[in-house]
Every structure is written in C-alpha cells, then in structure tokens.
Amino acid sequence: MTIQYSTASGVPQEQTTDCLVLGLFEDGDLPTATRQFDDSIGGLLSRLAGSGDASGKCGATTLLPGESGSAWQRCLLVGLGPRAELDGEYLREAATAAARHLNTSGATHAAWFLSEIEIPESEPESALRLCVEAIDAGLYRYETTRSEKSRQIHPIETVTLFSQLEAAAAELVVRQGQAIAVGVNLARELGNLPGNLCTPSYLADQALRMEREIGIKTSILDETEMEELGMGALLSVSRGSRQPAKLIVMHYAGGDGPPVVLVGKGLTFDAGGISLKPAAAMDEMKFDMCGGAAVFGAMQAAVQLNLPINLVGIVPSSENLPDGDANKPGDVVTSMAGKTIEVLNTDAEGRLILCDALTYAARFEPAVVIDMATLTGACVIALGHHATGLIGNDQPLADALLEAGQQSFDRAWQLPLWRQYRKQLDTNFADMANVGGREGGAITAAAFLGEFTSDYRWVHLDIAGSAWLSGKEKGATGRPVPLLVRYLLNYAAGQ
Ligand code: BES
Ligand code: MN
Ligand code: ZN
C-alpha cells in the first residue's frame, strides 16, 4: 500500500481532515502550527501538556477525538523531545511513531504539520523530506517469511504535508523523500531475508528483475567468467559454499560523463569459514550482504528520481562457510589485480570479495568509486551503531560524502588512512595478508582495499554498525541508502 502525498500550506484549524498531526515539545512548548491550533480551541492542548496527559517525550503519541461536527475528526499529538535539542534524529523518531499510530487509528487521511517544523542548522526543506522518508519507512513491515500477515482495517491512504515551501519545490522534495524510502525499504527487505532464501543467485535474480521492471541494464558474471578474469580472491571465498558466487553488475544510464560506481559487499551468510565464528548472534551474519542491498536501493532510487547521471552498481556475492574445500588459514590466493594475498583469517572474507570487485570497477573509468560493506567488528567498537565509518583516498570526495550524511541524517565519521597502517598487513609469504591484527581493525581493512583502488577517487563506507539493529528491533536499517542518494542528488546538481 503506497501512500498518496500532497503538499499544502495553511493553518490546522482550517483543515477538513480525518486527523491533524501536530508536534509538541517536551518542555510543553508548542511549534507554530500547534500553537495556532491551540489558540483556536481555547488552549486545550496546552492544558493537556501541562497536566501531563499529553507527553512531549520524543515519539510519545496522544490521540484526541474531535467534537461531533468539527472539521477535524481527530488530532494526533506527537512528542518531539526537548525543543533546544531538536534535530533530524528526533524528528525522524517522532514522525515514525506518528505514522505508526496513524496507521492503526481509524483515519485514512491526515493533515500532517510535522513537515513544517524547522530543524536548526539544516536546510529549510529537511523536515519535509525527512517526514516523507519516515512515514514510508515507518510503515515497512517484514512479512515475507511470516505466515500471519498484518491485516489492516483502516490503513492510511493519503497524507497532506504542510510546509512553507512553494508548491513546486515541495513536490520535488516529496518525490526525493519517496525515492529514498523506496530505496531504504528495498535494502531492508533484502537484508532481512534469511540466508537460505537470499543467496547469491537470489540477489542476481533481483538485479535481473530490476532490469525487467525499471529499465536498468544488468549483467551477471558466473564463476567461470570470474575465473577467466582471474578473480582468485573472490572465488577463494566461494569455494567453501555450495551456492555459486555471482558478480552482479547494474548500469543506470541517465546522463553522459564518467559513471559513479557503487560497490557493495553481498556476502549472503558469513559463518567465518574455517576461522569459524562463535555461535552467539551468528544469525545476524545474514545481514552481511547489506552493502550489496544498499547498492540495489540506491540504483532503484536513482531510477525513480531520473537522475541525470551514469551509475554503475557492482555487487560481489558469495557465502562464507567452512568446508573441506574452503580457504584455510595460510592459503595464498591471487587477486584479479595480480597481487597475492595470504588468507590468515578466513573470516576476513569481505575484503577478499571486494578487492576483485574494486579492480573490476576500474574498467568503467569511474568519476568516483564508493564501496560499502559490513566489513569489520572493529568499526562497531570504534563508532558504535550511530555512525558509518568512512575512509578514502580523496579528501574532497570524503567531504562530499560526510556532508551528504549530515544532510540526510545518515551520518558517517572519517577515520584516517595513513600509510603506517598498511604495514600491519605485511607478511613473509605474499604481497599482503588479509588481516592486520586487532589494533585499528577497521582501518587496516580499508588499507587492504586501498591496495586495489589507486587508479581512481575512492571512499569506503564500513556499515558494520549502522546497517542493522539487534535485540527487540532486530532488522536491517537500509543505511547508507539515504546518504548515497543524497550524495547522488548533490553530484547530479553539481556536475
Ligand atoms: N562480516 C564481518 C564483520 C562484522 C562482524 C560485521 C560483526 C558486523 C558485526 C566480517 O566478515 C568479519 O568477520 N570481519 C572480521 C575481521 C577480522 C577477522 C580481521 C571481524 O571483524 O572480526
Ligand atoms: Mn567474516
Ligand atoms: Zn563478513
């Protein structure tokens, strides 16, 4: 069920709607629209806030019925957190909670005023874009492998988004928000699918489906073709698996000029191989293809936005399992670039499949290459789950991606790629080892990739901490699709 959006400007008390959606700060302070509405109904909302019956805590929702005969049938009050701290995170959380509450109410239409709230230190249209993203993403449910599907009596159908923007500008921003959400939800769905369904062949089929349905061009390289290209690093990971590896290549041709190339780790299940992982939380290694999923999501969004750029998506896809034929610690493999690699730890497989994909990327003579991968536990230790790790060989590109992360509230944080780190990969038996010890593990992983990216401008995004949530909310987040789409929008505007 997709929501129909329209945009408008105006005041809440003049709307005829199933439901008004209004914000409320934690300190009882009211955003402009809420204050205007409150004045028109004799201060009822301030009284409810003052008595504690309506909470301004971020994401708290309070539904008020309208009087019979009034133009608004309900009013959903949504907590925005403390006014002084308002930022994209708070607004996203509030908007998500509002969308979910709305979707279980009796309303099928809403007049949504959270989109006109100004987020300090961000662009004037940020709240509108973020609200669309939050509504569409907030209503995503993973259902594919559940036999009980959620049934809805009154799903929300149309939302009028209020803002101070001109109509044409507002509509453009809504389309952007929708495209981001479609990309995010596609990435989440692929991420959430279990490893027994979402295999390399399944991902390849998805890319072929996208070729049929949205008009990108897809080619799938099988193991024989990879063999001919000399992709010994990638193929060494796949040897321990019964599922054949695939190299998925997608083209979106929306402009002329050299392409932006996105490369995403598509490891559909990472058991560690012979360097087997411990059992605890190993199920979460089905998410080890979230970098690849983000490439799918970004491609989908680029098509939907008709971006005037060329875009290539490359997803090396494999499983990593223990087997009699699997990589063994100490094995030496030869990459497509001709560099030899000693596999000291078979669990550092992501860099092995990525290095050949990064070498392959050079043939597109890219403007820039961005890779994304759930690459290292060390990145989670360094940055936790809030930021994506960012490392690259070109500071202007790194800055552009950091900025896109800020603008899309999908933030990344840069780590250094000094030559000293590269020394940790030295070994007596090959050109490099695939691991560099525990210290600076996210950086040495990037330093490994950096050995294969010297021909172009490149940034690596380590999404090990940001691509999925654990615990009760376990599931893929769709990150870094918002960051990528924002980067592509900026790139298209600036070229
Ligand atoms: N996919 C994992 C990284 C990972 C681990 C992401 C935990 C999120 C949570 C990757 O293939 C891996 O196993 N990396 C190893 C590298 C090490 C052997 C140098 C790691 O981080 O432990
Ligand atoms: Mn691994
Ligand atoms: Zn992995």
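This one's a predicted model, so the numbers in the text were calculated from it and none came from an experiment.

A.B. asks: Please explain the overall build of the protein as it appears in this structure.
C.D. replies: Along its length, the protein carries 15 helices and 20 strands. For the protein, the C-alpha radius of gyration of 24 Å lies close to 23 Å, the compact-globule estimate for 495 residues. With the C-alpha coordinates of the protein rotated into their principal frame, the extents come out at 80 × 50 × 45 Å. When each of the 495 residues of the protein is scored for burial, the buried share is 58%. Considering only intrachain contacts with a sequence separation of at least 6, the fraction spanning at least 24 residues in the protein is 76%. A total of about 20,100 Å² of accessible surface is found on the protein, and carbon and sulfur atoms cover 50% of it. A gap of 4 Å separates the mean positions of the 37 positive and 60 negative side-chain charges of the protein.

A.B. asks: Would you take a moment to explain the nonpolar core for this structure?
C.D. replies: Considering soluble globular proteins, one finds that nonpolar side chains tend to be buried as a cluster. Within the largest apolar cluster, 65 residues are counted, with the highest numbers of intra-cluster contacts made by F296, I370 and Y487. Top element by residues in this core is helix 9 (residues 290–304). It accounts for ten residues. With residues up to four places along the chain from it excluded, the contact list for F296 reads L186, L190, L203, Q206, A207, M210, I248, M250 and V315. Ranked by size, the runner-up nonpolar core spans 39 residues in total, among them M226, L235, L358 and A445.

A.B. asks: Would you explain the coordination of the zinc ion (ligand 3) in this entry?
C.D. replies: Geometrically, a metal with four donors at the corners of a regular tetrahedron has ideal angles of 109.5 degrees, and one with six donors at the corners of a regular octahedron has ideal angles of 90 or 180 degrees. In this structure, K265 (NZ), D270 (OD), D288 (OD) and E349 (OE) serve as the protein donors to the zinc ion (ligand 3), at separations of 2.0 to 2.4 Å. In this structure, the zinc ion (ligand 3) is surrounded by six donor atoms whose angles at the metal cover 78 to 176 degrees, and the resulting shape is octahedral. One chain supplies every donor to the zinc ion (ligand 3), and in sequence these donors are spaced K-x4-D-x17-D-x60-E. Look at K265 and you get buried, because its relative accessible area is 1%. Note on E349: relative accessible area 1%, which makes it buried.

A.B. asks: Looking at this model, I keep getting lost on the packing of helix 1 (residues 32–40) against helix 2 (residues 44–51). Mind explaining?
C.D. replies: Geometrically, a packed helix pair is captured by the angle between its two axes and the distance between the axes. At a minimum axis distance of 7 Å, the contact between helix 1 and helix 2 shows a crossing angle of 110 degrees. The orientation of helix 1 relative to helix 2 falls into the category roughly perpendicular. On the side of helix 1, the interface is formed by T34, F37 and D38, while helix 2 contributes L44, L45 and S46. Its residues assigned to classes, the contact of helix 1 with helix 2 comprises three nonpolar, two polar and one charged.

A.B. asks: Please explain the site of ligand 1 as it appears in this structure.
C.D. replies: Close to ligand 1 lie 16 residues; K277, D288, D347, E349 and G377 are nearest. The contact in question runs from a nitrogen atom of ligand 1 to an N or O atom on the backbone of T374, over 3.2 Å. L375 places a main-chain nitrogen or oxygen 3.4 Å from a nitrogen atom of ligand 1. When ligand 1 sits alone it has 510 Å² of accessible area, and the protein chains cover 77% of it. Of the residues in the shell around ligand 1, the class split is five nonpolar, four polar and seven charged.

A.B. asks: How should I be thinking about the pairing of strand 5 (residues 109–112) in this particular structure?
C.D. replies: When a strand is regular, its side chains alternate between the sheet's two faces. What you see with strand 5 is no split at all: H109 and A111 on one side and A110 and W112 on the other are buried throughout. Here strand 2 (residues 20–24) pairs with strand 5 via two bridges, running parallel. Bridging across to strand 5, L20 finds its partner in A111. Pairing between strand 5 and strand 6 (residues 158–162): four bridges, direction parallel. Considered in strand 6, the bridge of A110 is made with V159. In the classification by handedness, the crossover that spans strand 5, the intervening helix 4 (residues 126–138) and the parallel strand 6 is right-handed.

A.B. asks: I'm lost on the coordination of the manganese ion (ligand 2) in this one. Help?
C.D. replies: Looking at the manganese ion (ligand 2), one finds its protein donor set to be D270 (OD), D347 (O), D347 (OD) and E349 (OE), positioned 2.0 to 2.2 Å from the metal centre. Around the manganese ion (ligand 2) sit six donor atoms, and with donor-metal-donor angles ranging over 69 to 168 degrees the site reads as irregular. All donors of the manganese ion (ligand 2) belong to a single chain; written as a sequence motif, their spacing is D-x76-D-x1-E. Between the two metal centres, the manganese ion (ligand 2) and the zinc ion (ligand 3), the spacing is 3.2 Å, with D270 acting as a shared donor. Taken together, the positions of D270 in strand 10 (residues 266–270) and E349 in the loop between strand 13 (340–343) and helix 10 (350–361) put the pair 79 residues apart, joining distant regions of the chain.

A.B. asks: Would you take a moment to explain the pattern of salt bridges for this structure?
C.D. replies: Two side chains carrying opposite charge are able to pair once their charged atoms lie near each other. In the structure shown here, the tally under the stated rule is 21 salt bridges. Across the pair E125 and R129 runs a salt bridge whose closest N-O atoms are separated by 3.6 Å. The exposure class assigned to R129 is buried, which follows from its relative accessible area of 7%. Note that D426 is salt-bridged to R422, the shortest N-O span being 3.1 Å. A relative accessible area of 19% places R422 in the buried class. Put simply, E123, E125, R129 and R486 are held in one network by salt bridges that share partners.

A.B. asks: Just checking my understanding: could you explain the sheet that holds strand 4 (residues 74–79) for this structure?
C.D. replies: Strands pair in a sheet through their backbones, by hydrogen bonds, and they do so in one of two ways: parallel or antiparallel. Strand order in this open sheet of six strands is 1-6-5-2-4-3, and the pairing throughout is mixed. At either end of the open sheet lies a strand with only one pairing partner, and these are strand 1 (4–8) and strand 3 (61–65). The mean inter-strand angle of the sheet, taken between neighbouring strand axes irrespective of direction, is 25 degrees. Along the sheet face, helix 4 touches strand 1, strand 5 and strand 6 and points at about 160 degrees away from the line of strand 6.

A.B. asks: I'm lost on the domain arrangement of the protein in this one. Help?
C.D. replies: Once the domains are mapped, the protein shows domain 1 (4–165) and domain 2 (185–494). Look at where the C-alpha atoms of domain 1 and domain 2 centre, and you get two points 37 Å apart. Listed per partner, the contact involves 16 residues of domain 1 and 13 residues of domain 2. Here domain 1 packs against domain 2, burying approximately 1,200 Å² in sum over the two surfaces, 46% of which is carbon and sulfur. Interface area lost by domain 1 to domain 2 is led by E123, Y140 and Y142, which between them contribute 38%. Where domain 1 packs against domain 2, one counts two salt bridges. For R411, the salt bridge identified is with E89, shortest N-O distance 3.7 Å.

Cut-off values and rules
Residues numbered from 1 in each chain as written. Chains lettered and ligands numbered in written order. Predicted model: local features only at pLDDT ≥ 70, side-chain atom pairs only at ≥ 80, totals over all residues. Heavy atoms only, no water. Helix = DSSP H or I, 4+ residues; strand = E, 2+ residues; numbered from the N terminus. Rg over C-alpha atoms; globule rule 2.2 N^0.38 Å. Buried < 20%, exposed > 50% of the residue type's maximum accessible area, 1.4 Å probe, protein only. Contact = heavy atoms within 4.5 Å. Areas by Shrake-Rupley, 256 points an atom, 1.4 Å probe, with all protein chains shown as cover. Lys, Arg positive; Asp, Glu negative; His and termini not counted. Charge placed at Lys NZ, Arg CZ, Asp CG, Glu CD. Core = buried A, V, L, I, M, F, W, Y, C linked by side-chain atoms within 4.5 Å. Donors = N, O, S within 2.8 Å, 3.2 Å for Na, K, Ca; no water. Tetrahedral: all angles 85-135°; square planar, octahedral: opposite > 155°, others 65-115°. Axes fitted to C-alpha atoms, helices over the stretch in contact; angles between N-to-C directions. Parallel < 35°, antiparallel > 145°, perpendicular 65-115°, else oblique. Nonpolar A, V, L, I, M, F, W, Y, C, P; charged D, E, K, R; others polar. Near = heavy atom within 4 Å. Polar contact = N/O pair within 3.5 Å; in protein donor to acceptor, adjacent residues only side chain to side chain. Pairing = 2+ DSSP bridges. Right-handed = clockwise from strand over helix to strand, strands pointing away. Salt bridge = Lys/Arg side-chain N within 4 Å of Asp/Glu carboxyl O. Domains from an automatic or database assignment. Buried area = accessible area lost by both parts, 1.4 Å probe.

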